[in-house]
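# Residue-level structural notes
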Amino acid sequence: MENSNLTLDNYLLDSAYDEMFAGREALHAHYELLMEHFSSLPKDDLTRKKQAADLSFLNQGITFTVYGREEGTERIFPYDMLPRIITAKEWETVERGLTQRITALNLFLKDIYNEGRILSEGIVPRELVYSCKQFRRHMVGLQVPRNIYIAVVGTDLIRLENGEFVVLEDNLRVPSGVSYMLTNRRVMKRIFPQLFRSYGVRPIEQYTQLLLGTLRSLAPEGRPEPNIVLLSPGVFNSAYFEHAYLARQMGIELVEGRDLVTHDNVVYMRTTSGLRRVDVIYRRVDDDFIDPLIFRADSMLGVAGLFNAYRAGNVTLANAFGTGVADDKALYAYVPAIIKFYLSEEPILKNVETFLCARETERKHVLANLDKMVVKAVGESGGYGMLIGPQSTAVQREEFARKIEADPRNYIAQPTISFSRAPCLVDDGFEPRHVDLRPYVLYGDKVSIVPGGLTRVALKKGSLVVNSSQGGGSKDTWVLSQ
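We now turn to the structure provided with this report.

Summing up its helical and strand segments, the protein chain has 14 helices and 23 strands in all. Relative to the compact-globule value of 23 Å for 482 residues, the protein chain shows a C-alpha radius of gyration of 23 Å, a close match. Counting every position in the protein chain, which comprises 482 residues, the buried fraction comes to 56%. Taking contacts inside the protein chain between residues at least 6 apart in sequence as the whole, the part at least 24 apart equals 68%. Of the roughly 20,700 Å² that the protein chain leaves accessible, carbon and sulfur atoms contribute 49%. One way to put it: in the protein chain the 57 positive side-chain charges average out to a point 2 Å from where the 60 negative ones average out.

This part covers the pattern of salt bridges. Applying the stated criterion to the full structure yields 35 salt bridges. With its nearest N and O atoms 2.9 Å apart, the salt bridge here joins Glu19 to Arg159. Of this pair, Glu19 sits in the segment before α1 (32-40) while Arg159 is found in strand β4 (residues 152-159), placing the two residues 140 residues apart along the sequence. Note on Glu19: relative accessible area 1%, which makes it buried. One salt bridge in this structure joins Glu256 and Arg258, with 3.3 Å as the shortest N-O distance. Salt bridges sharing common partners tie together Glu19, Arg84, Glu90 and Arg159.

Counting residues in hydrophobic clusters, the biggest one holds 139 residues, and the most contacted among them are Phe38, Phe108, Ile112, Met139, Tyr207, Ile281 and Tyr310. A total of nine residues in this core trace back to one element, the largest contributor, which is helix α3 (residues 88-112). Beyond its immediate stretch of four places on either side in the chain, Phe108 contacts Ile118, Val124, Val129, Val325, Ala326, Leu331, Ile338 and Tyr342. Grouped together as the second largest cluster of nonpolar side chains are 12 residues, Val375, Ala377, Phe400 and Tyr411 included.

Within strand β3 (residues 79-86), eight of the eight residues are buried, leaving the element largely enclosed by the surrounding structure. Here β3 shows two buried faces, one formed by Tyr79, Met81, Pro83 and Ile85 and the other by Asp80, Leu82, Arg84 and Ile86. The pairing of β3 with strand β23 (residues 473-479) spans five bridges and is parallel. Looking at β23, one finds that Tyr79 is bridged to Ser474.

Moving on, we get to unusual backbone geometry. Cis geometry is adopted by the peptide bond preceding Asn319, which originates at Ala318 and carries an omega value of 0°. Tracing the sequence through the fold places Asn319 in the loop between β12 (316-318) and α12 (335-343). Positioned with a positive phi, Asn147 is a non-glycine residue whose angle comes to about 60°. Residue Asn147 is classed as partly exposed on the basis of its relative accessible area of 30%. Of note in the backbone geometry, Asp264 takes a positive phi value of approximately 50° without being a glycine. Along the polypeptide, Asp264 turns up in the loop between β8 (260-263) and β9 (266-271). Under the relative-accessibility criterion, Asp264 is labelled exposed at 64%.

It is worth spelling out the packing of aromatic side chains at this point. Inspection of the entire model under this criterion finds 18 aromatic pairs. Among the aromatic side chains, those forming a connected cluster through ring pairs are Tyr113, Tyr130, Phe135 and Tyr149. Here Arg283 stacks its cationic end above the ring of Phe321, 5.5 Å away from the centre of that ring.

Here we come to the packing of helix α6 (residues 178-191) against helix α9 (residues 240-250). Interhelical geometry of α6 versus α9 gives an angle of 70° and a closest axis separation of 9 Å. In terms of their interaxial angle, α6 and α9 are classed as roughly perpendicular. In this structure, α6 meets α9 at a crossing whose hand is left-handed. Here Val178, Ser179, Tyr180, Leu182, Thr183 and Arg186 of α6 come into contact with α9, specifically with Phe241, Glu242, Tyr245, Leu246 and Gln249. Of the residues assigned to the contact of α6 with α9, the class counts are six nonpolar, three polar and two charged.

Its place among the elements puts Thr354 in the loop between β13 (350-351) and β14 (355-356). A polar side-chain atom of Thr354 sits 2.8 Å from the main-chain carbonyl oxygen of Val352. Among the polar contacts listed, one links the side chain of Thr354 to the side chain of Gln414, at a separation of 3.2 Å. Beyond its immediate chain neighbours, meaning those up to four positions away, Thr354 contacts Tyr332, Ala333, Glu362, Ile412, Ala413 and Gln414.

Here the focus is a nonpolar patch on the surface. Nonpolar side chains collect at one region of the surface, where Leu55, Leu58 and Ile76 lie side by side and expose about 260 Å² of accessible area between them. Summarising the element assignment, Leu55 is placed in helix α2 (residues 43-59).

Taken in spatial order, the three strands line up as β8-β9-β10 in an open sheet, and their pairing is antiparallel. The open sheet is flanked by β8 and β10 (274-277), the only strands paired with a single partner. The mean angle between the axes of side-by-side strands here comes to 40°, regardless of whether they run parallel or antiparallel. Direction of pairing for β8 relative to β9: antiparallel, over a ladder of four bridges. The partner of Leu260 across the bridge, within β9, is Met269.

Of all the positions in helix α13 (residues 360-368), only Glu362, Arg363 and Val366 are classed as buried. Projection of α13 onto a plane perpendicular to its axis shows the buried side chains occupying an angular sector of 100°, all on one side. Those residues of α13 that are exposed and angled more than 90 degrees off the buried face are Thr361, Lys364 and Ala368. In this fold, the buried residues of α13 make contact with β14, β15 (373-377), α14 (394-406) and β17 (411-415).

The four strands lie next to each other as β7-β6-β11-β12, forming an open sheet whose pairing is parallel. For this open sheet the edge positions go to β7 (253-255) and β12, each flanked by a neighbour on one side alone. Neighbour to neighbour, the strand axes of the sheet diverge by 30° on average, direction disregarded. Sheet analysis places strand β11 (residues 280-283) next to β12, joined by three bridges and oriented parallel. Considered in β12, the bridge of Ile281 is made with Leu317. This element, α9, spans β6 (228-231), β7 and β11 of the sheet and lies at about 150° to β7.

What counts as what
- Residues numbered from 1 in each chain as written.
- Predicted model: local features only at pLDDT ≥ 70, side-chain atom pairs only at ≥ 80, totals over all residues.
- Heavy atoms only, no water.
- Helix = DSSP H or I, 4+ residues; strand = E, 2+ residues; numbered from the N terminus.
- Rg over C-alpha atoms; globule rule 2.2 N^0.38 Å.
- Buried < 20%, exposed > 50% of the residue type's maximum accessible area, 1.4 Å probe, protein only.
- Contact = heavy atoms within 4.5 Å.
- Areas by Shrake-Rupley, 256 points an atom, 1.4 Å probe, with all protein chains shown as cover.
- Lys, Arg positive; Asp, Glu negative; His and termini not counted.
- Charge placed at Lys NZ, Arg CZ, Asp CG, Glu CD.
- Salt bridge = Lys/Arg side-chain N within 4 Å of Asp/Glu carboxyl O.
- Core = buried A, V, L, I, M, F, W, Y, C linked by side-chain atoms within 4.5 Å.
- Pairing = 2+ DSSP bridges.
- Phe/Tyr/Trp six-rings, centres within 6.5 Å; stacked < 30°, edge-to-face > 60°.
- Lys NZ or Arg CZ within 6 Å of the ring centre and 35° of its normal.
- Axes fitted to C-alpha atoms, helices over the stretch in contact; angles between N-to-C directions.
- Parallel < 35°, antiparallel > 145°, perpendicular 65-115°, else oblique.
- Left-handed = near helix turned anticlockwise from the far one by under 90°.
- Nonpolar A, V, L, I, M, F, W, Y, C, P; charged D, E, K, R; others polar.
- Polar contact = N/O pair within 3.5 Å; in protein donor to acceptor, adjacent residues only side chain to side chain.
- Patch = residues over 30% accessible without salt bridge, like charges linked within 9 Å, V, L, I, M, F, W, Y side chains within 5 Å.
- Arc of directions from axis to C-beta.

Okay, here's the thing in structure tokens:
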């Protein structure tokens, strides 16, 4: 039986931080055992493990949808068998930084929908908030249970060339991907049990119970045994696998808009034995589609009267309506100031330098340097509505320049960052690919963060785009206990 003979022939080291290599010849200490293990695996063994993992993902239905492809839309979620390893010390900083960030952003949402102190004092421009498409005037003056607007957050982190973690963006509306984090771990534990034990990896399996506890803690007063449901747009949504997975893991009902009805400002679920009151809704439907009486009248996904039931305090939604203001990419530039304003602290996790095209001087700078910048539309996600300057054509840059000039508020720009790379198994060797990290933060009675998150990988060589819809994949994230 021949050894895998995995080579490092195509392993490029440049200015980007490398998760495995500390230098040309030196591995980071926490990667030595991993490298040794994979290098010594017989080739047949490695192939078998890969096939076993594929089969496991397929049997669990772990797929995602690629829109606009003729050859079929359902794919196994791409993944890499080499885990990404984070030390206990690095994680401690990430955890403190994320706790600080969710606390400040929650206070910001409470403030802008109530007193508006941060706007009155000019820390955040009033115009920026009120011109945001995600600002919901219906939320002004409305009391939110426990004053918690964002119960579930997925924050995207990258590592700079010096190894420092920074925040790339916040996802506060309906963050997705946590099911891939959990299923990656399950598969890796099954396929590499000995390696997993040797590393002393901190567990993440408790996430769904922490999520359930968070949702319970937000139930309306006087509902000690709340009925909690997960509201999904339905089977054609790209994240439907995740909706079904989380509902099953938490032991709650998975519902669609047509399964719910409101009566006298109370929400009920249709069951075979009649109507049953609903107290908490973990929603995976965007604001626009959730109540046709308040938002989009043409939506078939929501529940007529849901907002009035919410306003009356008879049902809790996680996350609250109108939270999208705080993950607007233009507002992201103000998060350090938001942290200082509410907490009187310096940000533990920094932002990436960001230029707001709404400001004339910054817009001119961006337009003069489009070939060096990443330009993003403020309301888009999934890697869409984006220009990566160094990889763009002159025609694409001209097109983006026109878009920016026509609607400057809708665009921000950031320097092209060569964020960190982690080793991946590619053909017969190890090759580095760019990675980010999306930890999942829960906010109920307290802030809870499972140690790890979804490491997303730009599997296309040279690509900086990690989104699955754009050819990205994922890998398990191992946070070490010591």
